[in-house]
Amino acid sequence: MTLLQLVNASAQRLEQAGVSFGHGTLNAHDEAAWLVLWRLGLPLDSEIDERAVTLEQQAQVQALIEERIRTRKPAAYLTREAWLQGVPFYVDERAIVPRSLIAEVLADGTIDAWLSDQTTRVLDLCTGNGSLAVLAALAWPEVQVTGADISPDALAVARINVDRHALQDRITLIQSDGLSALPGPFDLIVCNPPYVCQASMDALPAEYRAEPELALAGGLDGMDFVRQLFRDAPSRMSEDAVLVLEIGNEAAHFVAAFPQLEVAWLDTSAGDDQVLLVTRQALLTL
C-alpha cells in the first residue's frame with residue numbers, strides 16, 4: 001500500500017463512521033492526512049504521494065483511526081498537538097482544542113489600527129491552552145501579556161506552551177474567575193469566552209463534548225459570561241483600550257443582548273460576524 005492509498009482508505013473509514021470535524025480540520029481527507037502523517041512520524045506538510053508504507057505502519061495507522069472513531073475525541077487530543085496560524089501548541093483534554101478566529105486578526109494586522117505605541121499590556125482572558133497569549137506575544141514583541149483562566153487544569157496546559165515558546169519573561173499566567181483577579185489596567189483584551197447557547201450545547205457532536213464544558217457553555221443565550229465581562233471590563237481597561245471578542249455563531253444572540261452597543265465586526269475566514277472589537281468608551285455606554 002502507498003501513502004496515498006493509506007490516507008484515502010483512512011478518510012473513507014472516517015466518513016463511514018460519521019465522525020465530526022472542526023478541531024483543526026474540516027473534512028475526512030484532511031483529518032486522515034493529519035493522523036496518518038503524525039502516526040508515521042512524517043512532517044505534516046509532507047506530500048501525500050506513492051511512497052510505500054509497511055504492513056506494520058498500516059496497522060499502526062489503522063489502530064489510531066479506530067481509536068479516533070471509538071473515542072470520538074478530537075484528533076488533537078490523540079496527537080497532543082494543534083496548530084494555529086502555523087504555530088504548534090501542546091493540547092490535551094484539560095483545555096479545549098485551540099481554534100479561535102482571534103488568531104487570524106492577531107496575525108494579519110487587522111486590529112493594529114486600534115493600537116498604538118502605548119499598547120504595552122495585553123490580556124488573553126479565557127486563555128485555555130495559552131495559544132492566543134503566545135500569538136499576541138509573537139505578534140508584538142514589545143508587549144507584556146497576561147493569560148488568565150478560571151481552570152487550573154487549563155493553565156497547566158498553558159504553562160507548557162509558554163515554556164515551549166520560551167516566553168516565560170513576557171507572559172504571566174493567572175487563575176481568575178472572569179476579571180475578578182485582574183485589576184489591570186490593560187490596553188488590549190482578547191477573549192474567546194464560553195459563548196455556546198444551551199440549544200447549541202444540546203446538539204453538540206461527541207467530539208465537542210470531549211472538551212471541557214466550562215470552556216464552551218454560555219448559558220441559555222450564550223451571553224452569560226459576556227454580560228459580566230462587559231460590566232467589569234471598563235474598570236480594567238486603560239482610556240484608549242479595546243476588547244476583541246469571539247462570539248462564533250451566536251451573533252444573533254449577541255445583538256439581541258446588546259442592541260445599542262457600537263462594535264466593529266472583523267473579517268475572518270469564517271465571515272464578518274464571528275469576531276468583534278469594542279472600545280472602552282463604547283462599553284461605558286451600557
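What counts as what
- Residues numbered from 1 in each chain as written.
- Predicted model: local features only at pLDDT ≥ 70, side-chain atom pairs only at ≥ 80, totals over all residues.
- Heavy atoms only, no water.
- Helix = DSSP H or I, 4+ residues; strand = E, 2+ residues; numbered from the N terminus.
- Rg over C-alpha atoms; globule rule 2.2 N^0.38 Å.
- Contact = heavy atoms within 4.5 Å.
- Areas by Shrake-Rupley, 256 points an atom, 1.4 Å probe, with all protein chains shown as cover.
- Lys, Arg positive; Asp, Glu negative; His and termini not counted.
- Charge placed at Lys NZ, Arg CZ, Asp CG, Glu CD.
- Pairing = 2+ DSSP bridges.
- Axes fitted to C-alpha atoms, helices over the stretch in contact; angles between N-to-C directions.
- Expected span 1.5 Å × (residues − 1).
- Buried < 20%, exposed > 50% of the residue type's maximum accessible area, 1.4 Å probe, protein only.
- Polar contact = N/O pair within 3.5 Å; in protein donor to acceptor, adjacent residues only side chain to side chain.
- Phe/Tyr/Trp six-rings, centres within 6.5 Å; stacked < 30°, edge-to-face > 60°.

## A few points about the overall build of the protein chain
Inference 1: Assigned secondary structure in the protein chain consists of 12 helices and nine strands.
Inference 2: In terms of overall size, the protein chain behaves like a compact globule, its C-alpha atoms giving a radius of gyration of 20 Å where 286 residues would be expected to give roughly 19 Å.
Inference 3: With respect to the principal axes defined by its C-alpha atoms, the protein chain has extents near 65 × 40 × 30 Å.
Inference 4: Residue pairs in contact within the protein chain that sit at least 24 positions apart in sequence constitute 68% of those at least 6 positions apart.
Inference 5: Accessible surface for the protein chain amounts to roughly 12,800 Å². Of this, 50% is attributable to carbon and sulfur atoms.
Inference 6: Across the protein chain, 19 positive and 40 negative side-chain charges occur, with their mean positions spaced 7 Å apart.

## Here we look at the sheet that holds strand E5 (residues 171-175)
Inference 1: Across the sheet, which stays open at both edges, the seven strands sit in the order E5-E4-E3-E6-E7-E9-E8 with mixed pairing between neighbours. Of all the strands in the sheet, just E5 and strand E8 (264-268) have a single pairing partner and so form its edges. Averaged over neighbouring strand pairs, the angle between their axes works out to 20 degrees when direction is ignored.
Inference 2: The sheet strands contacting helix H7 (residues 152-164) are strand E4 (144-149) and E5, and the helix crosses E5 at an angle near 170 degrees.
Inference 3: With respect to the sheet, helix H10 (residues 224-232) is in contact with strand E3 (121-125), strand E6 (186-191), strand E7 (237-246) and strand E9 (271-279), its orientation differing from that of E7 by roughly 170 degrees.

## Looking at helix H2 (residues 28-39)
Inference 1: Between its terminal C-alpha atoms H2 stretches 16 Å, which fits the 16 Å expected from 12 residues at 1.5 Å a residue.
Inference 2: Every buried residue of H2 is accounted for by Ala28, Glu31, Ala32, Ala33, Trp34, Leu35, Val36 and Leu37.
Inference 3: Elements in contact with the buried residues of H2: helix H1 (3-17), helix H3 (55-71), helix H4 (75-79) and strand E1 (81-84).
Inference 4: For H2, the N-terminal cap is Asn27; the gap from its side-chain oxygen to the backbone nitrogen of His29 is 3.2 Å.
Inference 5: Immediately downstream of H2, the backbone of Gly41 shows phi near 75 degrees, a positive value.

## Quick word on the packing of aromatic side chains
Inference 1: One pass over the structure, following the stated rule, counts four aromatic pairs.
Inference 2: An angle of 55 degrees between the planes, with centres 4.9 Å apart, marks the rings of Phe230 and Phe258 as tilted. Taken together, the residues span a long stretch of sequence, with Phe230 in helix H10 and Phe258 in the loop between helix H11 (251-257) and E8 at a distance of 28 residues.
Inference 3: The class of Phe230 is buried, set by a relative accessible area of 3%.
Inference 4: Here the aromatic rings of Phe254 and Trp265 are separated by 5.9 Å at their centres, their planes lie at 85 degrees, and the arrangement is edge-to-face. A residue pair is termed long-range when its members are at least 10 positions apart, and Phe254 in helix H11 and Trp265 in strand E8 qualify at 11 residues.
Inference 5: A connected cluster of aromatic rings, assembled from ring pairs, spans Phe230, Phe254, Phe258 and Trp265.

By themselves, these are just geometric observations and shouldn't be taken as functional.
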